[in-house]
Amino acid sequence: MEQRVYIFDTTLRDGEQSPGASLNSDQKLAIAWQLARLGVDVIEAGFPLSSPGDFEAVQRIARQVEGPMITALARAARPDIDSVWQAVRDAERKQIHMVLSVSDIHIERKLRSNRRDVLRRGVEAVAYARSLCDQVEYSPEDAGRADPDYLYETLEAVIEAGATVVNIPDTTGYTLPNEFGALIASIRANVPNIDRALISVHCHNDLGLSTANSVAAVLNGARRVECTINGIGERAGNASLEEVVMILRTREKSLGLPTGIDTTRLAEVSALVARETGIPVQPNKAVIGANAFAHASGIHQDGVLKDKLNYEIMRPEEVGMGESRIVLSPRSGRHAFQFRLAELGYHLPEAAFARAWEEFLDLADRKKDILDRDLEEIVQSTQALFPHPLGEGRVGVVA
Ligand code: KIV
Ligand code: ZN
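All figures in this text were calculated on a predicted structure; none of them were measured in a lab.

A. Here's a closer look at the packing of helix H1 (residues 25-38) against helix H11 (residues 266-277). At their nearest, the axes of H1 and H11 sit 10 Å apart, and the two run at 165 degrees to each other. Here H1 lies roughly antiparallel to H11, going by the angle between them. Crossing handedness for the pair H1 and H11: left-handed. Packed against H1, whose contacting residues are Gln27, Ala30, Ile31, Gln34, Leu35 and Leu38, the element H11 presents Leu266, Glu268, Val269, Leu272, Val273 and Glu276 at the interface. Among the residues forming the contact of H1 with H11, the class breakdown is eight nonpolar, two polar and two charged.

Quick look at the structure:
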């Protein structure tokens, strides 16, 4: 089995389904170029039948963005499939992606159909898509809540009809990592022709488990992960690309499953997507949040100043985040305070430092953000009480 994981980015399709995130064709193209530079293997550029604007966006991406395979979403119906094909056909590498429900909940309550008819429709759609394109991905929607036996039957039939990728979606973010991992293992054990298709996964984050479920799937044989920048997407979003990629990178020694992503570009692409969609990244977001490499408590700051390894499992430069930060707060320790003063060029004698520390603690209890200007004022005031020479010996205020 292949010992690497392919990254399928669906920021421009599922990600764009986030409420309020819609993107025009220029914005989509700009993001697609950055995704290509990032090194994603597949870009899902949109849902062409949904609007003429989205068709145009997918087509421009297919014609202009080199490197990744370009795909777009279709329902299992000829007009959708034709629309995807027209939109992606000029890409260097292209794929038709189609979705059709597999859970009884969806079959009965959404499609108002039955298993037999749905299966027949899926098989026909795959065969038609394969008559147009060599690469066809089939997503049995809501697989996470489906009857496994019917899921196996569906996968076997669509692979037989020509699907080259079977994507297992946990559409509602319902499964637990052990269950989802076991589902992938059971698909490998129970679908006789599974070795003719690549297994992909697509996990939603309704219970905050999308990344964990994706990794569990990879550990059980999935080799493609569908994910989005910043984890945006329908409802609570999709598995976050940066989290999945950095888990595989940070734990590569034990997992042995690298990706082709240039991780040093992650922060830049994350900022672009946040700006263009208008969906900000929460500060405590794993990997690329503003606080992901910020240390605020005295114990942690002291540890990091002695050796970053004490509290950092990744280097901020690896994800393009610049440097770790020491943030001054009432929970900061003397070591961090002294470090920050030194960074600003202040080296106070002991008595002046003790006084400055007291003033700092008093201010930090009252003020949320301690700015460099505040530190400068503190240093000035101690200088009045404990006069000390400037310049030579680097004592006092250094301009
Ligand atoms: O969540 C889902 O099931 C999807 C499919 C189109 C893969 O987005
Ligand atoms: Zn989805």
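The rest of the description comes next.
B. Representation of the packing of helix H12 (residues 298-306) against helix H13 (residues 334-343) within the structure. Contact pair H12 / H13: the axes reach a minimum separation of 7 Å and the direction vectors enclose 55 degrees. As far as their axial angle goes, H13 and H12 are oblique. In this structure, H12 contributes Gln301, Asp302, Leu305 and Lys306 to the contact, and H13 contributes His335, Ala336 and Phe339. Broken down by class, the residue content of the contact of H12 with H13 amounts to three nonpolar, two polar and two charged.

C. Region of interest: the sheet that holds strand E5 (residues 136-141). As summarised here, the arrangement of the eight strands in space is E1-E2-E3-E4-E5-E6-E7-E8, forming a closed barrel in which the pairing is parallel. Here the strands of the sheet are splayed against their neighbours by 25 degrees on average, with no regard to which way each runs. As paired elements, strand E4 (residues 94-101) and E5 share six bridges and run parallel to each other. The residue bridging Ile96 from the neighbouring strand is Val136, located in E5. With respect to the sheet, helix H5 (residues 115-132) is in contact with E4 and E5, its orientation differing from that of E4 by roughly 170 degrees. The strands touched by helix H9 (residues 241-250) are strand E1 (6-9) and strand E8 (224-227); relative to E1, the strand with the most contacts, the crossing angle is about 170 degrees.

D. Region of interest: the coordination of the zinc ion (ligand 2). Protein coordination at the zinc ion (ligand 2) comes from Asp14 (OD), His202 (NE2) and His204 (NE2), with a distance range of 2.0 to 2.1 Å. Here the donor residues of the zinc ion (ligand 2) share one chain and are spaced in sequence as D-x187-H-x1-H. For the pair shown, His202 and His204 are each scored as buried.

E. Structural detail: the pairing of strand E7 (residues 198-203). Of all the six residues making up E7, five are buried; the element is thus mostly covered by neighbouring parts of the structure. The sheet contact formed by strand E6 (residues 165-170) and E7 spans six bridges and is parallel. Residue pairing in the sheet places Pro169 in a bridge with His202 of E7. One crossover worth recording links E6 to the parallel E7 by way of helix H7 (residues 177-190), and it is right-handed. Pairing between E7 and E8: three bridges, direction parallel. Bridge pairing in E8 links Val201 to Val225. Taking the sense of rotation as the criterion, the β-α-β connection linking E7, helix H8 (residues 210-219) and E8 turns out right-handed.

F. Broad picture of the nonpolar core. Ranked by internal contacts, the top residues of the largest apolar core, which has 87 residues, are Met98, Ile168 and Ile187. For this core, the leading source of residues is helix H6 (residues 148-161), giving seven residues. Ignoring anything within four residues of it in the chain, the contact list for Ile187 reads Leu151, Tyr152, Leu155, Ile168, Ile194 and Ile199. By size, the runner-up hydrophobic cluster in this structure holds 19 residues, among which are Val304, Ala336, Ala356 and Val379.

G. Up close: the site of ligand 1. Near ligand 1, the surroundings consist of Arg13, Asp14, Leu73, Val99, Ser139, Glu141, Asn167, Pro169, Thr171, His202 and His204. Taking Thr171, its side chain carries an N or O atom lying 2.7 Å from an oxygen atom of ligand 1. Contact distances for ligand 1 include 3.0 Å between an oxygen atom and a side-chain N or O atom of His202. If ligand 1 stood free it would expose 260 Å²; the protein chains cover 93% of that surface. Broken down by secondary-structure element, the contributors of at least two residues to the shell around ligand 1 are E5 and E6. Of the residues belonging to the shell around ligand 1, the class tally is three nonpolar, five polar and three charged.

H. A look at the domain arrangement of the chain. Assigned domains within the chain: domain 1 (6-277) and domain 2 (294-385). Relative to domain 2, the C-alpha centre of domain 1 lies at a distance of 45 Å. Taken together, the seven residues of domain 1 in the interface contact seven residues of domain 2. When domain 1 packs against domain 2, the two sides together hide about 550 Å² of surface, and 59% of this comes from carbon and sulfur. When residues of domain 1 are sorted by the area they lose upon contact with domain 2, Met246, Thr250 and Ala267 head the list and together hold 59% of the total. Scanning the region where domain 1 abuts domain 2 turns up one salt bridge.

I. Spotlight on the pairing of E6. In terms of burial, E6 is largely enclosed, as six of its six residues are buried. Every second residue of E6 is oriented toward a common face, with Val165, Asn167 and Pro169 on one face and Val166, Ile168 and Asp170 on the other, all of them buried. By the bridge criterion, two bridges tie E5 to E6 in an arrangement that is parallel. Across the sheet, Glu137 pairs through a bridge with Val165, a residue of E6. With H6 bridging E5 and the parallel E6, this β-α-β connection has right-handed handedness.

J. Molecular detail of the pattern of salt bridges. Evaluated as defined, the whole model comprises 29 salt bridges. For Arg196, the salt bridge identified is with Glu160, shortest N-O distance 3.5 Å. Placement of the pair is Arg196 in the loop between H7 and E7 and Glu160 in helix H6, with a sequence separation of 36 residues. We classify Glu160 as exposed; its relative accessible area is 52%. Among the ionic pairs, Glu318 bridges to Arg249, the shortest N-O distance being 2.7 Å. With Glu318 in the loop between H12 and strand E10 (325-326) and Arg249 in helix H9, this residue pair connects regions lying 69 residues apart in the sequence. By relative accessible area, Arg249 is classed as partly exposed at 37%. Linked through salt bridges whose partners overlap, the residues forming this network are Arg13, Asp14 and Glu44.

Rules used throughout
- Residues numbered from 1 in each chain as written.
- Chains lettered and ligands numbered in written order.
- Predicted model: local features only at pLDDT ≥ 70, side-chain atom pairs only at ≥ 80, totals over all residues.
- Heavy atoms only, no water.
- Axes fitted to C-alpha atoms, helices over the stretch in contact; angles between N-to-C directions.
- Helix = DSSP H or I, 4+ residues; strand = E, 2+ residues; numbered from the N terminus.
- Parallel < 35°, antiparallel > 145°, perpendicular 65-115°, else oblique.
- Left-handed = near helix turned anticlockwise from the far one by under 90°.
- Contact = heavy atoms within 4.5 Å.
- Nonpolar A, V, L, I, M, F, W, Y, C, P; charged D, E, K, R; others polar.
- Pairing = 2+ DSSP bridges.
- Donors = N, O, S within 2.8 Å, 3.2 Å for Na, K, Ca; no water.
- Buried < 20%, exposed > 50% of the residue type's maximum accessible area, 1.4 Å probe, protein only.
- Right-handed = clockwise from strand over helix to strand, strands pointing away.
- Core = buried A, V, L, I, M, F, W, Y, C linked by side-chain atoms within 4.5 Å.
- Near = heavy atom within 4 Å.
- Polar contact = N/O pair within 3.5 Å; in protein donor to acceptor, adjacent residues only side chain to side chain.
- Areas by Shrake-Rupley, 256 points an atom, 1.4 Å probe, with all protein chains shown as cover.
- Domains from an automatic or database assignment.
- Buried area = accessible area lost by both parts, 1.4 Å probe.
- Salt bridge = Lys/Arg side-chain N within 4 Å of Asp/Glu carboxyl O.

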